[in-house]
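Listed here are the chains, written in short residue letters.
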Amino acid sequence: MDTAFIIETIIKIVVILLVFSALAGFGTYFERKVLAFMQRRLGPMHVGPYGLLQIAADGVKLFTKEDIVPAGVVGPIFKIAPVITAATAFMAAAAIPFLPEFTLFGYTVHPIVADINVGILYILGVMAIGLYGPLLGGMASNNKYSLISAARGAAVFISYEVVTGLSLLAPMMMVGSLSLIDFNNYQAGGIGEWIIWSQPVAFILFWIAAFAETGRTPFHLIANDHEIIDGFGTEYSGMRWGLFFIGEYANMFFISFVMAIIFLGGFGDGTVLGAFALLGKVAFFFFFFLWTRAAWPDVRPDQLMWLCWKVLMPIAVLNIVITGIVMMF
Amino acid sequence: MEHMHVANPYFGVFILFVLTFGAFYATTIAARLVSRALAAKDTEKIKLSIYECGPEVTKQPNRISPQFYLFALLFLLFDVEIVFMFPWAVDFKLLGWFGFAEMLLFILLLTIGFIYAWKKGALEWHSIK
């Protein structure tokens, strides 16, 4: 291992950490603005031009809150749970190629932290570990609402994990690789070769499961305000509570990248236009998360489980079998 | 985009693991230091009690509905299946008809288990009955 490689890796990681922490902060601003416009309000307007400095104000507020550890909680687990959520969300970034390769000062930069050959398996695995944040936080909180939220969160996550895995198997059979770079190269020929045209069912299934995996609104049972207060976050305050949100928004961005690269062609053949196209697709998926929150109510837990086990999973298995039959003939 | 040809592709994952956990843990420590210096403090004891679970804090056992354990068992059954299918899907073209027939048999066996779980009511949400 040469020194240049080590330095390059560390620089890439620091850039990703900074950019996506800032984007997660701005994600809350976008969400408030989008929801406000859809409800004919203005949203945050007072801090800075158009309320753009709202996230700075929020950050100051989160940092200067009194550091409270309630009585009766399991201290060490209570304190480490938000760190697990935020850190595992960012660890998923390792196997995602964010941009096409480019040359900087005569040195070719690959914008991917670790070009591992089991990329998708790694991303699914790390997102599954992300469950430990809400689970441990809820179980350590000594609060009934947190405990219900933790149990629900675990049930939803592991159920939709099955759908996520099964829906990605069909594209994998076509490409024959687990690396997101190979997925991108497979679709480099242009819009006609995108996997969404040959695997529309898998795309819809993965999209639905993405809402459950990130805990967004139609499946936001993990912190359903009118039933279980703030769920696993009820006893948290200050920056520990903020870390849960950084993790959630970073997860939304990374799963948008994964969807755009696997099903919508990624950055194509790697021109500057392709790079902007990828960012546009990611922006659309992120906007769709917010749009759904404005347009849809939450489902009930039993409806969520019914949808996963009795509808989505049989469809996903059928999709694999049909893909296999079509590919063999 | 070309693949990177490096000797240790997992090195980046390790560094990312160390740096993210370090950075976010440092964030909580920094928040604690800042709030100790700046935050308004209130030493009233009742403030530390947990939300809407009674003013006197007692240690509560973590008991949840057995429904959730059923879903955990189902998850074990079906996710192990998916782990088994990942290498098959990657080598699908290589394995040809033999691999496809084997996997159809495997899916058939799993479907029997799935129908059994459905008929037994393991997929229902019990508390709404």
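Residues numbered from 1 in each chain as written. Chains lettered and ligands numbered in written order. Predicted model: local features only at pLDDT ≥ 70, side-chain atom pairs only at ≥ 80, totals over all residues. Heavy atoms only, no water.

Student: Help me out: how do you make sense of the confidence of the model for chain A in this one?
Tutor: The predicted coordinates should not be examined in detail at positions where pLDDT is low. When pLDDT is averaged along chain A, the result is 86, and 99% of the positions lie at 70 or above. Across chain A, element-level confidence peaks in helix α9 (residues 200–214) of chain A with a mean pLDDT of 90 and bottoms out in helix α10 (residues 225–228) of chain A with 72. (pLDDT = per-residue confidence, 0-100. Helix = DSSP H or I, 4+ residues; strand = E, 2+ residues; numbered from the N terminus.)

Student: Before we go on, may I ask you to explain the interface of chain A and chain B in this structure?
Tutor: How large an interface is tends to be reported as the accessible area lost when its parts come together. Counting residues at the interface gives 97 residues for chain A and 72 residues for chain B. Contact between chain A and chain B buries roughly 7500 Å² in total, counting both sides, with carbon and sulfur atoms accounting for 76%. In this structure, D67 of chain A and R32 of chain B form a salt bridge, with 3.9 Å as the shortest nitrogen-oxygen distance. Counting the contacts that link chain A with chain B gives 1 residue pair in polar contact (both at pLDDT 80 or more). When contributions to the side of chain A that touches chain B are tallied by element, the ones reaching two or more residues are α1 (3–38), α3 (75–91), α4 (119–129), α6 (144–175), α7 (180–186), α11 (238–263) and α13 (301–328) of chain A. (Contact = heavy atoms within 4.5 Å. Buried area = accessible area lost by both parts, 1.4 Å probe. Salt bridge = Lys/Arg side-chain N within 4 Å of Asp/Glu carboxyl O. Polar contact = N/O pair within 3.5 Å; in protein donor to acceptor, adjacent residues only side chain to side chain.)

Student: Which parts of the structure should I look at to understand a nonpolar patch on the surface?
Tutor: Together, F37, L42, M45, Y50 and L52 of chain A line one region of the surface with nonpolar side chains, adding up to about 530 Å² of accessible area. Topologically, F37 of chain A is positioned in helix α1. (Patch = residues over 30% accessible without salt bridge, like charges linked within 9 Å, V, L, I, M, F, W, Y side chains within 5 Å. Areas by Shrake-Rupley, 256 points an atom, 1.4 Å probe, with all protein chains shown as cover.)

Student: Looking at this structure, how should I read unusual backbone geometry?
Tutor: Note: most residues except glycine have negative phi, and most peptide bonds are trans. Residue and element names in this part refer to chain A. A positive phi angle, near 55°, is found at R40, a position not held by glycine. Along the chain, R40 turns up in the loop between α1 and α2 (54–63). Although it is not a glycine, N142 adopts a positive phi angle of roughly 60°. Secondary-structure assignment places N142 in the loop between α5 (132–140) and α6.

Student: Just to check I follow, could you spell out the confidence of the model for chain B for this structure?
Tutor: Residues and elements named next belong to chain B. When pLDDT is averaged along chain B, the result is 82, and 95% of the positions lie at 70 or above. The spread of mean pLDDT over the elements of chain B runs between helix α2 (residues 67–90), the lowest at 84, and helix α3 (residues 92–120), the highest at 88. Taken over the whole predicted complex, pTM reads 0.90, whereas the ipTM for its chain interfaces reads 0.85.

Student: Hey, could you run me through the layout of surface pockets in this one?
Tutor: Empty space left among the atoms is revealed by rolling a probe the size of a water molecule over them. Looking at the second largest pocket, its volume works out to about 590 Å³. L131, A154, I158 and E161 of chain A together with F75 of chain B are the residues nearest the centre of the second largest pocket, which is lined by 29 residues in total. Elements that contribute at least two residues to the lining of the second largest pocket include exactly α4, α5 and α6 of chain A together with α2 of chain B. No other element matches the 10 residues that α6 of chain A contributes to the lining of the second largest pocket. (1 Å grid on protein atoms, 1.4 Å probe; cavity = no way out; pocket = protein on both sides within 12 Å on 5 of 7 lines; lining within 4 Å. Points joined across faces, edges and corners; volume = space filled by probe spheres on them.)

Student: Mind showing me how you'd approach the nonpolar core here?
Tutor: One finds L166 and W309 of chain A to be the most contacted residues of the largest nonpolar core, which totals 138 residues. Per-element tally for this core: the top contributor is α11 of chain A, with 17 residues. Sequence-distant contacts of W309 of chain A, defined by excluding residues within four places in its chain, comprise S159, V162 and P314 of chain A together with F71, L74, F75, F78, F114 and L123 of chain B. (Core = buried A, V, L, I, M, F, W, Y, C linked by side-chain atoms within 4.5 Å. Buried < 20%, exposed > 50% of the residue type's maximum accessible area, 1.4 Å probe, protein only.)

Student: I'm lost on the packing of aromatic side chains in this one. Help?
Tutor: The tally for this structure, following the rule as stated, stands at 41 aromatic pairs over all chains. Both rings, one in F78 of chain A and one in Y236 of chain A, keep their centres 4.2 Å apart while their planes meet at 5°; by these two values the pair is stacked. Of this pair, F78 of chain A sits in helix α3 while Y236 of chain A sits in the loop between α10 and α11, and the two are 158 residues apart along the sequence. Each member of the pair F78 of chain A and Y236 of chain A is classed as buried. Look at F78 of chain B and F114 of chain B: their rings are 5.7 Å apart centre to centre, the planes differ by 85°, and that puts the pair in the edge-to-face class. Here the residue F78 of chain B occupies a position in helix α2, and F114 of chain B occupies one in helix α3, the gap between them amounting to 36 residues. Just as F78 of chain B is buried, F114 of chain B falls in that class too. Aromatic ring contacts, followed pair by pair, group F203, F206, W207, F211, F263, F284, F285, F287, F288, F289 and W291 of chain A into a single cluster. (Phe/Tyr/Trp six-rings, centres within 6.5 Å; stacked < 30°, edge-to-face > 60°.)

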